Amino acid sequence: MKAVEVKPGVYWVGGVDWELRYFHGYLTPRGTTYNAYLIVDEKIVLVDTVKHYLFAEMLSRIEDVIDPAMIDYVVANHVEMDHSGSLPEIMELVPGAGVITSPQGEKGLRRHYKKEWNFQVVKSGDAVNIGKRSLQFVHTPMVHWPDSMVTYVPEEKLLLPNDAFGQHIASTGRFDDEVGWDIACEEAAKYYANIVLLYGDQVKKALEVVSQLAIDVVAPSHGLIWRSYLPQILAAYRKWANNETDRKALIVYDTMWGSTEKIARALREGLEEAGVPVVTRCLKENHISTVMADALTARVILVGTPTLNNGMFPTVGAFLTYLKGLRPKKRLGFAFGSYGWGGQGVKLVAETLASLEWDMPLDGVNIQYIPDPGELEAVKETGRELAKRI
Ligand code: FEO
């Protein structure tokens, strides 16, 4: 694939990571891309780079357009190595180029690469003229690192927001309409749930800034470039940042001998009979990053565990650690499970869900050994009762 023109004189020159299946704890079944952009004006600007092992791919795309030695500036919107990983190689080709970054970006890049590059630190709101165009920089701290910033090109109505609005998708098409809204939204939601969810308040501030800019293309640093579904993805981000959910339930559990699974089924039947759509995920078969995507818009989240060694089942403990870190808000919670003796697991689940300040409208269910038909009928009724509280 050659460089792809995004706007006149603005080219995608990134790398496509078709084989990536694991991104620091996040499963990426569709792979990903690292999007770098080349802006050709009186000054030549490279915005972000790619993971180190795709440097040659990026370089060859830059060479499709210009001699890389002509680059005047490299903008580092974000320090994380999937975007800064090829900076050392690029800077060897253009050692005098300005490295435009935020104050935290400079600190982070120095810590990562230990290089004395020509840093040009910009404050939020600063602009750099590059000829017919200008680049404006807006800091977006904690979306999702302290150094994060976005680059805006007003003459092109183009926003380069780095990780924000990204999706982990490797594809031949570079634009949202070449893959379609359903897949683009599915992956953007999974990305938001696993990378951005904790920073909803900062996202709201960033959306306020974005709403004041004239934009018709948003070109993030992962996945597809938004040009046809821009209103839809902005609306989705507003919904997710405000923790708005749908009237649906997510049941997450693991099971040792099948008892917790029977309870999960009875709860699902009760909820479904009461008209609530349910997604059920057993943690043996479903990775926590996939389950988080389901959690993004579920209003009620039911978590089930057997008691093992006086505590939760390890997979449930791992899920709750992850969930607690990402901190979805405004949910209803419910704990359930089974035990042989002791039975502490369900109490620990309930405490964790309550620590997220979720509403816990009903007492949990905790059944010894094997639930009998009468107990399962009562659990089903609990599911129906829970549906009334949604
Ligand atoms: Fe895509 Fe925060 O790096």
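Not measured: the values here are computed from a predicted model.

**Some remarks on the packing of aromatic side chains**
And step 1. For the structure shown, the criterion picks out eight aromatic pairs.
And step 2. Between W181 and Y229, the ring centres sit 5.7 Å apart and the planes meet at 40°, which makes this aromatic pair tilted. Of the two residues, W181 sits in helix α6 (residues 181-196) while Y229 sits in the loop between β16 (217-218) and α8 (230-241), which places them 48 residues apart along the sequence.
And step 3. Residue Y229 is classed as partly exposed on the basis of its relative accessible area of 22%.

**Side note on helix α1 (residues 55-65)**
And step 1. Within α1, burial applies to F55, M58, L59, R61 and I62. Looking straight down α1, one finds that the buried residues subtend no more than 160° of arc, so they occupy a single side.
And step 2. On its buried face, α1 sits against β2 (10-12), β3 (15-17), β7 (37-40), β8 (44-47) and α3 (87-93).

**A short note on the domain arrangement of the protein chain**
And step 1. By the assigned domains, the protein chain splits into domain 1 (4-241) and domain 2 (249-389).
And step 2. Taken together, the contacts link 13 residues of domain 1 with 13 residues of domain 2.
And step 3. Both sides of the domain 1 and domain 2 interface together cover about 1,100 Å² of buried area, and 64% of this is carbon and sulfur.
And step 4. Considering only the side of domain 1, the residues that lose the most area to domain 2 are N194, L197 and L198, jointly responsible for 43% of the buried surface there.
And step 5. Summed over the shared surface of domain 1 and domain 2, the number is one salt bridge.
And step 6. Counting every contact that joins domain 1 to domain 2 gives four residue pairs in polar contact (both at pLDDT 80 or more).
And step 7. Elements with a contribution of two residues or more to the side of domain 1 that touches domain 2: β5 (26-27), α6 and α8.

Parameters at a glance
Residues numbered from 1 in each chain as written. Predicted model: local features only at pLDDT ≥ 70, side-chain atom pairs only at ≥ 80, totals over all residues. Heavy atoms only, no water. Phe/Tyr/Trp six-rings, centres within 6.5 Å; stacked < 30°, edge-to-face > 60°. Helix = DSSP H or I, 4+ residues; strand = E, 2+ residues; numbered from the N terminus. Buried < 20%, exposed > 50% of the residue type's maximum accessible area, 1.4 Å probe, protein only. Arc of directions from axis to C-beta. Contact = heavy atoms within 4.5 Å. Domains from an automatic or database assignment. Buried area = accessible area lost by both parts, 1.4 Å probe. Salt bridge = Lys/Arg side-chain N within 4 Å of Asp/Glu carboxyl O. Polar contact = N/O pair within 3.5 Å; in protein donor to acceptor, adjacent residues only side chain to side chain.

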